[in-house]
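# Close look at the chain arrangement
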Amino acid sequence: MRALLFCVDLGLALELIKSYSFTPEISDEVVFTATREAVVLSGRSTTECSNGGFSENVSNVAIAITDKGQGCYATSQYSVGDFPVVVGQVNVDGQAVAAYEIRPAGSDAAQFVASGSGLYLRLPGDSAEYSVYNLRGGALVWVATMQALGTAQFVSTSISIEALSAPEIYTVLPSTTSIPSPTRLLLSGHKATECDSLFPESESLGDVMVVTMSGSGQCWTDLRYSNSNFLVQKGRIGEMVTYQISPPTTIATQFVASRSHLYIRKPTADVKLWTFRAGQFELLDTLQPSASTFEKTAVRLDNIQEELLVIIHPATEHLTVWPRLAPTVEAAVLEGVSQQWSLSCYRFQVDGQPFVPELHWNHGPGSHSGNYGTYKRFFPVMHSDGREGVIWQDFSNELVKVTWLSSDLLSTETTQLVALNSQLLVGAVGDDHGELLVLLGSSETPSSKSGTVEAVVIKFSSTGTEVLRKSLPTDKANMNVYSFFKSGATLAWDRGAGTIAMAIARTMTTASDGLNHQGGIAIVLNASTLEMITNYGQTSGHSFGNSLKVSKKEGWYLGMDLGDNYPRGVNVWELRGDYRLWKKKLVYTFKTKHGRTPESPAGTSYPIYEEISGSDQTFYQWSNDNYVYTELAHPGLHEVNDALLVFFATESPPLDNSLVGTVMNVPRNVAWVKIYRDFSNSSVLSPGQEERGGFYTFGGRWSEQINRGISFLTAYQDLSQSVSRLKTAVLNDNIVLLWEIWSGSSYNRTEFMVIDMDGQVIRPVTTLAFNFQLPFADDVIVKDGKIVAYVGTDAAKTENPSLARYEVCVAGCEMPSGTSGNTDSGSSGSSGSSGSTGSGDTSSTTAMPELPSSGAVTAMLAAQIFIWAAFV
């Protein structure tokens with residue numbers, strides 16, 4: 001069974017998502033106190049190969065030469081010697097116990113170490129069993145067991161000391177003595193290796209061990225080729241034993257030839273290893289009982305960058321922070337303990353793996369792929385009986401499915417629509433009355449540059465029954481589709497007019513210059529017959545993003561796409577559904593990177609572009625820039641009376657041709673422009689100074705650019721704080737904007753703000769402490785006065801993959817159960833603020849698997865926690 005995740009609000013008083021914190025176990029520190037000055041033992045006067053006595057000793061300590069397979073060489077040529085020994089004591093349960101500090105050898109072997117040096121301790125003649133402990137990090141760690149004989153004499157500890165690089169402290173106690181287990185240890189990871197048949201117990205803390213793995217047939221414990229020294233802290237979450245593992249403190253000086261993995265003490269029944277991070281439990285591994293003392297896990301430790309917190313739990317139980325409403329339904333308020341705003345979520349179990357941004361397409365705004373965008377992934381639809389649904393692709397088996405939610409949100413019904421056969425789910429749409437349509441395009445590329453690929457539209461009933469299938473005319477004379485392009489498509493269905501419009505990014509068949517050029521195209525179908533009514537041809541070229549919706553203007557569609565040349569900018573257009581009539585308007589244009597050499601790829605030379613050239617760089621009067629330095633908002637187009645609001649994220653100043661060189665050169669911020677709905681009116685209704693500029697085309701011709709009325713709502717200054725994945729929606733006659741903050745390559749956080757139709761701030765930038773990423777190009781919708789957005793979660797992390805539906809409420813929100821008052825939460829500030837997260841934290845924890853019933857969302861833990869649960 002898998003999970004379908006939806007964040008919604010039925011008007012039910014949902015609980016807050018459960019909150020956890022790690023509490024380290026604190027034990028009394030054991031301290032060594034010297035009682036005598038150091039005495040140097042040569043370590044060469046006695047060997048284990050002879051029966052000689054231990055005439056050289058200090059107190060109860062002696063050192064002997066040991067045989068490492070080549071005999072006992074008690075000479076300075078082939079053994080180390082001169083070990084300083086300090087006699088002292090440690091405190092054990094209030095009693096002073098003799099202890100000994102052994103320091104590294106003062107003299108090295110002149111040739112090489114052929115024989116070892118072994119530690120011997122004098123035991124009384126009581127024939128009892130004794131245990132040797134090593135004082136490490138303020139705790140006594142068992143390292144060996146010794147058997148006393150009938151007379152008092154020195155007995156081997158089996159501890160080798162010839163390779164000591166730092167002082168080690170040892171004490172010996174009767175094995176019947178109760179010694180508190182360590183709660184914090186530095187595990188080297190080098191003393192237990194995959195190449196060994198046995199693992200030393202001393203290299204474990206409780207039930208975990210760090211082990212060096214084999215690399216190229218050898219376990220490299222050389223400091224040049226493996227990381228080492230992992231601090232492990234034992235603690236608790238509720239009643240559960242927890243292990244916190246820190247990153248290695250000693251890093252390989254050359255490269256990592258041997259990795260380090262987490263091993264756990266062999267389980268007696270099947271267990272699952274979980275991590276707890278960012279307020280969520282994530283599945284790491286599943287283990288079965290084995291004959292080994294310690295069992296290898298899939299958790300690699302040598303490359304962790306932050307503390308690792310993990311739970312090992314009986315496989316029969318599922319760990320979750322979500323309160324359960326029904327056997328297959330979990331739900332919670334994620335944050336926003338306020339009637340002013342909230343984020344809430346339902347999780348429904350379904351079969352299949354839906355799209356997960358972090359897993360399937362996680363390119364940042366500073367990446368090459370980020371410039372071109374990607375396909376839409378989730379397509380909200382409505383049933384004739386009022387139920388809500390969503391069309392989505394199952395990435396585990398290449399099926400397209402529709403999931404319908406029950407009216408009470410306590411169950412779902414998922415139906416397979418079609419299997420993909422070397423095809424892409426290019427787009428999908430519904431008519432808001434249960435009829436569904438999907439657009440499938442070939443995922444392959446023709447062998448001939450003049451070839452075209454197939455595309456098909458399929459209509460389904462709400463039950464998933466295929467009603468009609470029609471191939472689209474992709475030949476050069478019609479849609480001219482050599483291949484479908486990654487920037488994707490948007491579909492809109494005007495049920496009243498009986499038409500379906502499509503904005504599609506595609507690469508075309510070879511042109512006269514021998515190249516396959518890319519561009520957007522708009523077409524309209526008859527919703528009943530699926531025949532193409534109108535082919536509007538190219539919208540923009542190249543086209544690296546699009547949006548499309550049914551206009552409030554009867555019979556019309558409203559759309560936009562992001563062009564890099566024809567035109568260069570945000571190109572807004574409207575088109576008729578029933579016959580060919582359309583209008584275009586370039587509402588925003590942006591800077592251009594110019595050539596860095598006099599000669600263009602066409603072989604023509606051009607003069608220097610003096611206005612933007614300087615001592616550090618020279619530009620020339622030609623360009624061929626595919627980067628657009630901008631992302632469209634989705635849907636990003638909103639009609640308000642006789643006006644149209646257009647939203648996007650872009651770099652500023654927009655027309656500064658010197659601020660180029662990479663995909664993203666300065667932080668992107670939220671921008672908008674308000675124009676007249678009548679495209680023939682060239683006036684703008686939003687504030688913003690007129691900016692003039694231009695660029696030299698590929699052929700060296702000057703192309704003038706003008707921006708009017710462009711206003712910025714945020715003002716981030718750091719390149720690591722850039723707006724991406726901007727979503728917009730109209731709520732209560734205001735505009736809600738939801739976006740993610742990224743560096744060039746990594747997600748940081750999610751924020752939102754509310755403005756009125758004139759761009760005045762109603763609610764300033766507010767940071768959500770609960771991190772969640774949305775698909776790059778997906779639209780958000782409005783349902784019951786809230787913003788709705790879909791996303792998947794990773795089955796490998798949650799056991800059950802999820803199709804996620806988030807809801808953001810910005811006014812009149814339900815208070816979570818167990819809360820009162822009207823205290824706002826979250827972090828808000830003026831536009832351009834760093835957006836630091838913040839909310840009050842409360843938590844109560846109980847034994848697993850019963851989870852805490854209340855508590856605000858915790859500040860996102862930077863650590864990961866390992867928890868070792870009792871086995872069944």
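Scroll up for the structure.
Let me sum up the structure you'll find in this document. (Residues numbered from 1 in each chain as written. Predicted model: local features only at pLDDT ≥ 70, side-chain atom pairs only at ≥ 80, totals over all residues. Heavy atoms only, no water.)

## Digging into the overall build of the chain
Regarding its fold elements, the chain presents 3 helices and 60 strands. Here the C-alpha coordinates of the chain stretch approximately 110 × 70 × 50 Å along the principal axes. For the chain, with 872 residues in total, the buried portion stands at 57%. Looking at the chain alone, contacts between residues at least 24 apart form 63% of all its contacts between residues at least 6 apart. Surface exposure of the chain reaches about 34,200 Å², of which carbon and sulfur atoms provide 47%. Between the averaged position of the 60 positive side-chain charges in the chain and that of its 87 negative side-chain charges there is a distance of 6 Å. (Helix = DSSP H or I, 4+ residues; strand = E, 2+ residues; numbered from the N terminus. Buried < 20%, exposed > 50% of the residue type's maximum accessible area, 1.4 Å probe, protein only. Contact = heavy atoms within 4.5 Å. Areas by Shrake-Rupley, 256 points an atom, 1.4 Å probe, with all protein chains shown as cover. Lys, Arg positive; Asp, Glu negative; His and termini not counted. Charge placed at Lys NZ, Arg CZ, Asp CG, Glu CD.)

## Here we look at the sheet that holds strand S36 (residues 483–494)
Overall, antiparallel pairing links the 4 strands, which are arranged S36-S37-S38-S39 in an open sheet. The open sheet has two edge strands, S36 and strand S39 (532–538), and neither has a second partner. Across the sheet, the mean angle from the axis of one strand to that of its neighbour is 15°, orientation sign disregarded. (Pairing = 2+ DSSP bridges. Axes fitted to C-alpha atoms, helices over the stretch in contact; angles between N-to-C directions.)

## Digging into the pairing of strand S48 (residues 668–676)
In terms of burial, S48 is largely enclosed, as 8 of its 9 residues are buried. Where strand S47 (residues 643–651) and S48 come together, 9 bridges link them in antiparallel fashion. Across the sheet, Phe647 pairs through a bridge with Trp672, a residue of S48. As paired strands, S48 and strand S51 (residues 711–712) are joined by 2 bridges and run antiparallel to one another. When the bridges of S51 are listed, Ala671 appears paired with Phe712.

## Looking at the state of the cysteines
Within the structure shown, the criterion is met by 3 disulfides. Put simply, Cys195 and Cys219 are joined by a disulfide, and their sulfur atoms are 2.0 Å apart. Here the S-S torsion is close to 95°, and the disulfide linking Cys195 with Cys219 is therefore right-handed. One end of the pair, Cys195, is in the loop between strand S13 (184–187) and strand S14 (204–205); the other, Cys219, is in strand S17 (residues 218–219), and 24 residues separate them in sequence. Classification of Cys195 by relative accessible area gives partly exposed; the value is 46%. In this model Cys809 forms its disulfide with Cys813; the gap between the sulfur atoms is 2.1 Å. The sign of the -100° torsion about the S-S bond sets the Cys809-Cys813 disulfide as left-handed. Neither residue differs from the other here; Cys809 and Cys813 are each classed as buried. (Disulfide = S-S within 2.5 Å.)

## Here's the deal with the packing of aromatic side chains
Geometry of an aromatic ring pair is reported as the spacing of the ring centres plus the angle between the planes. Per the stated rule, a full pass over the model turns up 32 aromatic pairs. Ring centres of Tyr536 and Trp582 lie 5.2 Å apart, and the angle between their planes is 50°; this geometry places the pair in the tilted category. One end of the pair, Tyr536, is in strand S39; the other, Trp582, is in strand S43 (residues 582–588), and 46 residues separate them in sequence. Considering the side-chain rings of Trp742 and Tyr747, the 6.2 Å spacing of their centres and the 75° angle between planes classify their relative orientation as edge-to-face. Grouping residues by exposure puts Trp742 and Tyr747 together as buried. Clustering of aromatic rings is evident, with ring pairs tying together Tyr20, Phe276 and Phe281. Above the face of the Phe619 ring, Arg596 is positioned so that its terminal group lies 5.0 Å from the ring centre. (Phe/Tyr/Trp six-rings, centres within 6.5 Å; stacked < 30°, edge-to-face > 60°. Lys NZ or Arg CZ within 6 Å of the ring centre and 35° of its normal.)

## Some details on the sheet that holds strand S31 (residues 412–419)
The strands making up a sheet are joined through hydrogen bonds of the backbone, oriented either antiparallel or parallel. The strand order across the open sheet formed by 4 strands is S28-S29-S30-S31, and the pairing between neighbours is antiparallel. With partners counted over all chains shown, the strands left at the sheet margins are strand S28 (378–382) and S31, one partner each. Along the sheet, successive strands turn relative to each other by an average axial angle of 25°, direction set aside. The pairing of S28 with strand S29 (residues 388–394) spans 5 bridges and is antiparallel. The partner of Phe379 across the bridge, within S29, is Ile391.

## Structural notes on the pattern of salt bridges
Taken as a whole and judged by the stated rule, the model has 35 salt bridges. The shortest N-O distance in the salt bridge between Asp222 and Arg224 comes to 2.8 Å. Here Asp222 falls in the partly exposed class, since its relative accessible area comes to 30%. The exposure class assigned to Arg224 is partly exposed, which follows from its relative accessible area of 39%. A salt bridge links Arg568 to Asp625; the shortest N-O distance between them is 3.2 Å. (Salt bridge = Lys/Arg side-chain N within 4 Å of Asp/Glu carboxyl O.)

## Quick notes on the side chain of Asn371
Its place among the elements puts Asn371 in helix H2 (residues 368–372). Looking at Asn371, its side chain comes within polar contact range of the main-chain oxygen of Asn626, at 3.1 Å. With near-sequence residues (within four places) excluded, Asn371 lies in contact with Phe544, Asn626, Tyr627, Val628, Tyr629 and Val663. (Polar contact = N/O pair within 3.5 Å; in protein donor to acceptor, adjacent residues only side chain to side chain.)

## Quick look at the environment of Asn60
Summarising the element assignment, Asn60 is placed in the loop between strand S4 (39–41) and strand S5 (61–66). When the C-alpha atoms of Asn60 and Ala796 are compared, they prove to be 55 Å apart, with 736 residues separating the residues in sequence. In contact with Asn60, not counting residues within four places along its chain, are Tyr100, Tyr120, Leu121, Arg122 and Phe154.

## Quick word on the side chain of Arg749
Considering the arrangement of structural elements, one finds Arg749 in strand S54 (residues 747–755). Within polar-contact distance, the side chain of Arg749 engages the side chain of Gln721 at 2.7 Å. A distance of 3.3 Å separates the side chain of Arg749 from the side chain of Asn748, its partner in a polar contact.

## A short note on unusual backbone geometry
For the bond from Gly541 to His542, the omega torsion is -10°, close enough to zero to count as cis. The omega torsion of the bond from Ser652 to Pro653 falls at 0°, within 30 degrees of zero and hence cis. Structurally, Pro653 can be placed in the loop between S47 and S48. With a phi angle near 55°, Ser422 is a residue other than glycine that sits in the positive phi range. If you trace the backbone, Ser422 turns up in the loop between S31 and strand S32 (423–430). Positive phi is not limited to glycine here, since Tyr629 has a value of about 55°. Accessibility expressed as a relative area gives 1% for Tyr629, which makes it buried.

## Re the pairing of strand S53 (residues 734–742)
Across the 9 residues that make up S53, a large majority, 9, are buried. Every second residue of S53 is oriented toward a common face, with Asn734, Val736, Leu738, Glu740 and Trp742 on one face and Ile735, Leu737, Trp739 and Ile741 on the other, all of them buried. Inspection of the sheet shows strand S52 (residues 722–731) paired to S53 by 8 bridges, in the antiparallel sense. Bridged to Thr728 within S53 is Leu737. The antiparallel hairpin formed by S52 and S53 contains 2 residues in its connecting segment, where Asn732 sits at a positive phi of about 50°. By the bridge criterion, 8 bridges tie S53 to S54 in an arrangement that is antiparallel. Bridged to Glu740 within S54 is Thr750.

## Quick notes on the environment of Glu466
Within the secondary structure, Glu466 is located in strand S35 (residues 466–471). Filtering out sequence-adjacent residues up to four positions away, Glu466 remains in contact with Ile458, Lys459 and Phe460. Of the polar contacts made by the side chain of Glu466, one reaches the side chain of Arg469; its length is 2.9 Å.

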